[in-house]
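Fold and geometry: a report
The residues making up each chain are set out below.
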Amino acid sequence: MADSSHEGSVDNAVGAATATQSPSTQALSRVEPPQNESGLFSGESVLNILKLIFAGAPLTEVLTIIARLVEAQGKGMFCTIWLLDKEGKYVRCATAPSLPGFMTHWDRTPVGPDGACCGTAVYRREPVYVTDIRSDPLWDSYRHLVEPYGVRAVWARPLFSSEGKALGTFAILYRDVGSPSATDLQLIENASHIVGIAIERHMNEKELRRSEAFLAEAQRLSVTGSFSWRVETDEITWSEELYRIFEFDRDVPVTLELIGSRVHPEDIPMLNDMIDRARGIGSDFEYEHRLQMSDHSIKYLHLVGHGTRDREGRLVYIGAAQDVTQHRRSEETLGKVRSELAHVARVTSLGALTASIAHEVSQPLSGIITNASTCLRMLAADPPNVDGARETARRTIRDGNRASEVVTRLRALFSKKETTIESVDLNEATREVVALSLCELQRNRVILRTELASDLPVVTGDRVQLQQVVLNLLRNASDAMSAVEDRPRQLLIRTERDEGGRVRLTVQDAGVGLAPQAMDRIFEAFYTTKTEGMGMGLSVSRSIIERHHGRLCAAPNDGPGATFSFSIPCGPASATGARSLGVIGTPAVKDAKRVQGNP
Amino acid sequence: MVRRSLVSVVDDDESVRESLPDLLQELGFAAHAFSSAEEFLTSDYVDQTRCLILDIAMPGMTGPDLQRELKLRRKEIPIVFITAHRDETVRPQVLEQGAVECLFKPFSERALVEALNAALRVS
């Protein structure tokens, strides 16, 4: 952007300079007696100087050539060019090609009301033409510096940038007393234009180099590279840092194939998926994938791309890629520690819970068995002790009720108390869950595809509970693929109308699949194949779906992975009382049973 | 009439205190129940008790506390521990301290009889 506007201003300047050209064809390179009548540069000389400027020739060299060219326009004329220093306090002589030793005697002049001609011109922001330095008080302190060269008149014109910032002074020193003629003025004007261009270009270049150096330094510090990708032609440009991150030589042309050669083989499907999407929609993207370097080390790259259209409407992505390896490593360590901790906490609390359930239930059970034993003995006695037996049977029932109360209390502990019945757009509910899980799915390098039916009728139920089910199915699917390395971790979530006025949601993964013997048990509480699982998810999910008068089922895929789906009636027909939904808490019952059976 | 051996039951759980003495009587023992270790210690039954069925976890003095206290008083009553906490580390501890058996609730009549027989053999 900065570059193009800069060029624009140069174009204008060239236009302005050439517009005032005479038809003279004087060549720049030959320093020859000038056409005094015109006092102007030829188009060709201007072009040559501009070429030098834009080829990046050193500023003093360019200024010296201009000075010599001006001097060639007339006899007894010395040209000097002064540059304003950074602080704006002095102008310093940059060239005085025909005044030997001048710059050693007089290298700077203060910018101020009495700074000879060069300092005063900048100060006044207007030309200062001194016809005779011997009588002009401006020269009182400087006269001695130029008199050895036989100088009598000095004509100085301040130089300005295109934004009007003072750059320095262009000054002609003349042997004869006098003021500039119209031709001289024209010459000074034209020369000043070109000198202005040269200085400004030089400063811009310096500024550009400085900001480029800043940017490169910032990129290096933040291990962030930038790129652009012209989708139509697959033309890709990288910043230096990106070459460094990918560990490619700077002179290697960047292609998608080259990038692919560094991307971790397991992440190639995700990259392809990303590229396909990016080509299609042209909206912003954000991805994270791994690089596999030539020494087989792994880097994690976080990509952010912003899609824009050029004037012809072609898609161009501008983006940044950050090497987040360090970050990811510490996060992984933290995550591992955290999950281990969570597992320990869960096992501990589960252990404590089990012990407490065991104790609570064992007490009445103990009474039941003892009473029943007593009862049998009393009945077996001769004669049978019927009254005693009746009493022990009564106690047996009481203890049975006590055990049942324990179970009820546990159930209350596990169940959700508040239930809200409302119309639920399952698509919207699903989108929310997907949005919440997206980060985690991406981290697990899951490629998520959503196929949400556009004509899906609303269902009636508890939105949050249904979202819990969807979240649970997504998590399970993602977890089932966490060890999959030989194929894309594809996850499909689909909603559709089902037969019989029902709505179906399907979650299909490409994970480890379901073992036939596991099929019967997966919906049981505490059944789990995961190290960190408590085995409650599917059991709770099934309860929720059943309370919505639906069915949750699982089936192995033809290929790898498994498919879980539920279907629930749509519309107000599926409305159920809050009370009936509120009883979701059956896992507690199962807890108790399992604890009893397998303590 | 042959004097029946007295089996004392110490348990804070009421259903045990209600049910176990009846069964013990059906099995041919005299039985008495106490709701705490302190109650048993201050009663007149300590010296008569041929076997003690003792709950482990109780508020106040625990089963093992009572076991130690009886040892200090040189009352060598065989002890059968009963507990609803299936803590496998407790059993060897109390057995090492001289208990005859440690039963986990709920226990069967058969297990109880075997433990009582062992206890009375010891005495």
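Residues numbered from 1 in each chain as written. Chains lettered and ligands numbered in written order. Predicted model: local features only at pLDDT ≥ 70, side-chain atom pairs only at ≥ 80, totals over all residues.

**Focus: the overall build of chain A**
When helices and strands are counted, chain A shows 17 helices and 18 strands. Within the span of chain A, comprising 599 residues, buried residues form 33% of the whole. Counting contacts in chain A only where the partners sit at least 6 residues apart, residues at least 24 apart contribute 60% of the total. (Helix = DSSP H or I, 4+ residues; strand = E, 2+ residues; numbered from the N terminus. Buried ≥ 20, exposed ≤ 12 C-beta atoms within 10 Å, placed from the backbone. Contact = placed C-beta atoms within 7 Å.)

**Examining helix H2 (residues 43–54) of chain A**
All names here are of chain A. The terminal C-alpha atoms of H2, which comprises 12 residues, lie 16 Å apart, in line with the 16 Å expected from a rise of 1.5 Å per residue. Considered for burial, the residues of H2 that qualify are Ser-45, Val-46, Ile-49, Leu-50 and Ile-53. Angularly, the buried residues of H2 cover 135° about the axis, an arc narrow enough to put them on a single face. Backbone geometry just after H2 places Gly-56 at a positive phi near 85°. (Expected span 1.5 Å × (residues − 1). Arc of directions from axis to C-beta.)

**A few points about the interface of chain A and chain B**
It is common to give the size of an interface as the accessible area that goes away when the parts come together. Facing 20 residues of chain A, the contacting portion of chain B comprises 17 residues. Listing elements by their share of the side of chain A that touches chain B, those giving two or more residues are helix H11 (325–380) and helix H12 (386–414) of chain A. A per-element tally of the side of chain A that touches chain B places H11(A) first, with 16 residues. Taken together, the residues that form the side of chain A that touches chain B break down as 7 nonpolar, 10 polar and 3 charged. (Nonpolar A, V, L, I, M, F, W, Y, C, P; charged D, E, K, R; others polar.)

**Some words on the sheet that holds strand E2 (residues 30–34) of chain B**
Residue and element names in this part refer to chain B. Strand order in the open sheet formed by 5 strands is E2-E1-E3-E4-E5, with parallel pairing between adjacent strands. Of all strands in the sheet, those bounded by a partner on one side alone are E2 and strand E5 (101–104). Neighbour to neighbour, the strand axes of the sheet diverge by 20° on average, direction disregarded. As paired elements, strand E1 (residues 6–10) and E2 share 5 bridges and run parallel to each other. Pairing of Ser-8 across the sheet is with His-32, part of E2. Those strands touched by helix H1 (residues 14–26) are E1, E2 and strand E3 (49–55), and its axis lies near 170° from that of E2. Helix H3 (residues 63–72) rests against E1, E3 and strand E4 (79–83) of the sheet, and its axis sits at about 150° to E3. (Pairing = 2+ DSSP bridges. Axes fitted to C-alpha atoms, helices over the stretch in contact; angles between N-to-C directions.)

**Points about the sheet that holds strand E11 (residues 315–323) of chain A**
All names here are of chain A. With respect to topology, 5 strands assemble into an open sheet ordered E8-E7-E11-E10-E9, the strand pairing being antiparallel. Each edge of the open sheet is held by one strand with a lone partner, namely strand E8 (235–238) and strand E9 (285–292). Direction aside, the axes of adjacent strands within the sheet are offset by 25° on average. Bridging between strand E7 (residues 224–230) and E8 involves 4 bridges; their strand directions are antiparallel. Pairing of Trp-229 across the sheet is with Ile-236, part of E8. Sheet strands touched by helix H10 (residues 268–281): E9, strand E10 (298–309) and E11. Its angle to E9, the strand with the most contacts, is close to 150°.

**A few points about the nonpolar core**
Residues Leu63(A), Ile66(A), Cys117(A), Val154(A), Ala171(A), Val195(A) and Ala198(A) are the most contacted members of the largest nonpolar core, which totals 56 residues. Sequence-distant contacts of Val154(A), defined by excluding residues within four places in its chain, comprise Cys117(A), Val130(A), Ile133(A), Ala171(A) and Leu173(A). Counting 34 residues, the second largest nonpolar core, distinct from the first, contains Leu23(B), Ala33(B), Val100(B) and Cys102(B). (Core = buried A, V, L, I, M, F, W, Y, C linked by C-beta atoms within 7 Å.)

**Digging into helix H7 (residues 182–221) of chain A**
Between its first and last C-alpha, H7(A) extends 57 Å over 40 residues, near the 58 Å set by a 1.5 Å rise per residue. In the segment just after H7(A), Val223(A) is the residue with positive phi, at about 40°.

**A few points about the environment of Leu242(A)**
All names here are of chain A. Structurally, the position occupied by Leu-242 is in helix H8 (residues 240–246). Spatially, the C-alpha atoms of Leu-242 and Asp-323 are 9.1 Å apart, while their sequence positions differ by 81 residues. Contacts of Leu-242, omitting those with residues within four sequence positions, involve Gly-225, Ser-226, Phe-227 and Ala-321.

**Brief notes about unusual backbone geometry**
Across the junction of Asp382(A) and Pro383(A), the peptide omega takes the value 0°, indicating a cis bond. Mapped onto the elements of the fold, Pro383(A) is located in the loop between H11 and H12. A cis amide bond links Lys105(B) to the next residue, Pro106(B), at an omega of -5°. Examined against the element boundaries, Pro106(B) turns out to sit in the loop between E5 and helix H5 (109–122). One non-glycine residue, Arg125(A), lies in the positive phi region at around 55°. Here Arg125(A) lies in the loop between helix H5 (118–124) and strand E4 (128–130). For Arg125(A), a count of 10 C-beta atoms within 10 Å translates into the label exposed. One non-glycine residue, His296(A), lies in the positive phi region at around 70°.

**Things to note about the confidence of the model for chain B**
It should be kept in mind that the predicted coordinates are not to be read in detail where pLDDT is low. All names here are of chain B. Of the residues in chain B, 97% have a pLDDT of 70 or more, and the chain-wide mean is 90. Looking across chain B, the model is least confident in helix H4 (residues 90–96), with a mean pLDDT of 87, and most confident in E1, with 96. Interface confidence for the predicted complex, expressed as ipTM, amounts to 0.84; the pTM equals 0.42. (pLDDT = per-residue confidence, 0-100.)

**Some thoughts on the packing of helix H3 (residues 59–71) of chain A against H7(A)**
All names here are of chain A. The N-to-C vectors of H3 and H7 enclose an angle of 175°; their axes lie 10 Å apart at closest approach. With respect to each other, H3 and H7 are oriented roughly antiparallel. On H7, the residues touching Leu-59, Val-62, Leu-63, Ile-66 and Val-70 of H3 are Leu-187, Ala-191, Ile-194, Val-195, Ala-198, Ile-199 and His-202. Within the contact of H3 with H7, the residues separate by chemical class into 11 nonpolar, 1 polar and no charged. (Parallel < 35°, antiparallel > 145°, perpendicular 65-115°, else oblique.)

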